[in-house]
Amino acid sequence: MQDEQLVSNLRKKGRFSRLSALKKLAASEDFGVEQNPKANFNFHCRTEYSCFGSTPSLEAYRLMKNGFPAVAIVDYASLSGAKELMKAEKILGGLYYIGAETDVEDEKGAPVRMISMGIPHKNVKAFNFDLFFYRKIQNDFTDQLLGKLNSRLKKYGITVSTPPRSFFKTTSTEDVFVCLADAIIEKFKAADKITAFITQDLGISLSEHDEKRLEDTANVYYEIDLAATLFFNYKMKLPPRKLKKVSEFVAASNGFGAISALVMEGDEDETIDFAVKNGIRSVVFNVDKQPEDFDAKKFYDKCIAANILPLARMVCDYPKKKLVREFQDEETASLFRETTFAVIGHEIASSLATSDGMFSERAFENTPSLKERIRLFSRIGLKGSDINL
């Protein structure tokens, strides 16, 4: 019972209260390491700074509790969770790196998802100020989205509002739909009335899976399940938004000593070519969103041949999400664990001196081979850890 209260305290508003609860939990628990040799070990977590309902302390604890002692906080256009993550992992004895994710546009004006990660600690504050312009673009977009939703829902007596923002917080598109779910629940209360509203009035067709998970509002995940159903199924034209250019984000990442990364959302060859053409250091794929015939080892080899750092990740943005995702074999899993810990090693080394990062001139001169640099920096990242590659 006491542990449950402490875990609940990890969601509290005050950072110091959360860290105090984490210290007590760490003192009373023994944490193991996931023993599945095929498991993915790279997790990108969202927190309250992207308006998700979690905190850096809670995400660090949740992953450690599940046997994954490495975590990255990658909020949308915000590095405000970095300080708490550093303190949380010092308490837990885990590994981490810091990042920020945002949308930019290519030369044709098409949206592209990018990440800046492995950010040297002394540059976090300055980079976070620089990211203000990306936060403003996203917040302007969600304001327009809210306006469209409220215009549509006015006749039903429903008003959607989001939590107050600050200079360092972004309202994610997903969080707008969580707020929409809250407004619908507040209006209709009962599950059968909510289902009737979203199917008959909003015109959403529910799958058997959706119907099952929306049967009972007493379900602790009901709000999130409803939000996910609305997000993926409610048909409406999204408002336009003016994004910054890929080149600007890459230049900012390089300038602050971080690793720029492109999130793969289409053909892998085109994605890798785009990364090379635009001077992007890494390509990341989502382990839970690839087709069954996707070959992670071939992807790895193609990236290495192009001098691009290959990474696999799981985005922790949904509390019911299954954490363990397997690669096709132990060798492939080991390769992607190595690249994950290389990012951690880069952050450690570049925090001591930005000239010592994985893509610095010194690193290129001393270790021209990307595979050798990955091996070197993964050892730095793993130093003092019980994790096996």
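What counts and how
Residues numbered from 1 in each chain as written. Predicted model: local features only at pLDDT ≥ 70, side-chain atom pairs only at ≥ 80, totals over all residues. Heavy atoms only, no water. Helix = DSSP H or I, 4+ residues; strand = E, 2+ residues; numbered from the N terminus. Rg over C-alpha atoms; globule rule 2.2 N^0.38 Å. Buried < 20%, exposed > 50% of the residue type's maximum accessible area, 1.4 Å probe, protein only. Contact = heavy atoms within 4.5 Å. Lys, Arg positive; Asp, Glu negative; His and termini not counted. Charge placed at Lys NZ, Arg CZ, Asp CG, Glu CD. Core = buried A, V, L, I, M, F, W, Y, C linked by side-chain atoms within 4.5 Å. Right-handed = clockwise from strand over helix to strand, strands pointing away. Pairing = 2+ DSSP bridges. 1 Å grid on protein atoms, 1.4 Å probe; cavity = no way out; pocket = protein on both sides within 12 Å on 5 of 7 lines; lining within 4 Å. Points joined across faces, edges and corners; volume = space filled by probe spheres on them. Nonpolar A, V, L, I, M, F, W, Y, C, P; charged D, E, K, R; others polar. Axes fitted to C-alpha atoms, helices over the stretch in contact; angles between N-to-C directions.

## A word on the overall build of the chain
Move 1: Helix and strand content of the chain: 16 helices and seven strands.
Move 2: Since a compact globule built from 389 residues should have a radius of gyration of about 21 Å, the 21 Å found for the chain is in line with a globular shape.
Move 3: Once the C-alpha set of the chain is aligned to its principal axes, its extents read approximately 65 × 55 × 40 Å.
Move 4: Expressed as a percentage of the 389 residues in the chain, the buried residues total 53%.
Move 5: Restricting the contact set of the chain to residue pairs at least 6 apart, pairs at least 24 apart contribute 73%.
Move 6: With 55 positive and 55 negative side-chain charges, the chain shows a spacing of 6 Å between the two charge centroids.

## Comments concerning the nonpolar core
Move 1: Core analysis: the biggest nonpolar cluster contains 90 residues, and Met114, Met117, Phe285 and Phe299 have the highest contact counts within it.
Move 2: A per-element tally of this core places helix H14 (residues 330-352) first, with eight residues.
Move 3: Leave out the neighbours within four places in its chain, and Met117 touches Tyr97, Ile98, Gly99, Ala258, Ile259, Ala261, Ser282, Val284, Leu311 and Val343.

## Section: the pairing of strand E5 (residues 259-263)
Move 1: Most of E5 is tucked away, with five of its five residues classed as buried.
Move 2: Side chains Ile259, Ala261 and Val263 of E5 all project onto a buried face; the interleaved residues Ser260 and Leu262 project onto the opposite face, where all are buried too.
Move 3: Taken together, E5, helix H12 (residues 268-277) and strand E6 (residues 282-286) constitute a β-α-β crossover, and its handedness is right-handed.

## Considering the pairing of strand E4 (residues 111-117)
Move 1: Of all seven residues in E4, six are buried, a share of seventy percent or more.
Move 2: What sits between strand E3 (residues 95-105) and E4 in their antiparallel hairpin is a turn of five residues, with Gly109 showing a positive phi close to 85°.

## With respect to the layout of surface pockets
Move 1: Space inside the second largest pocket adds up to approximately 320 Å³.
Move 2: For the lining of the second largest pocket, the elements supplying multiple residues, two or more each, are E4, E5 and H12.
Move 3: Element by element, the count of residues in the lining of the second largest pocket is highest for H12, at four residues.
Move 4: The residue inventory of the lining of the second largest pocket, partitioned by class, reads six nonpolar, two polar and eight charged.

## A look at the sheet that holds E3
Move 1: Read around the closed barrel, seven strands run E1-E2-E3-E4-E5-E6-E7, paired in mixed fashion. Direction aside, the axes of adjacent strands within the sheet are offset by 35° on average.
Move 2: Set on the sheet, helix H3 (residues 56-65) makes contact with strand E1 (43-45), strand E2 (70-76) and strand E7 (309-316); between it and E2 the angle comes to about 145°.

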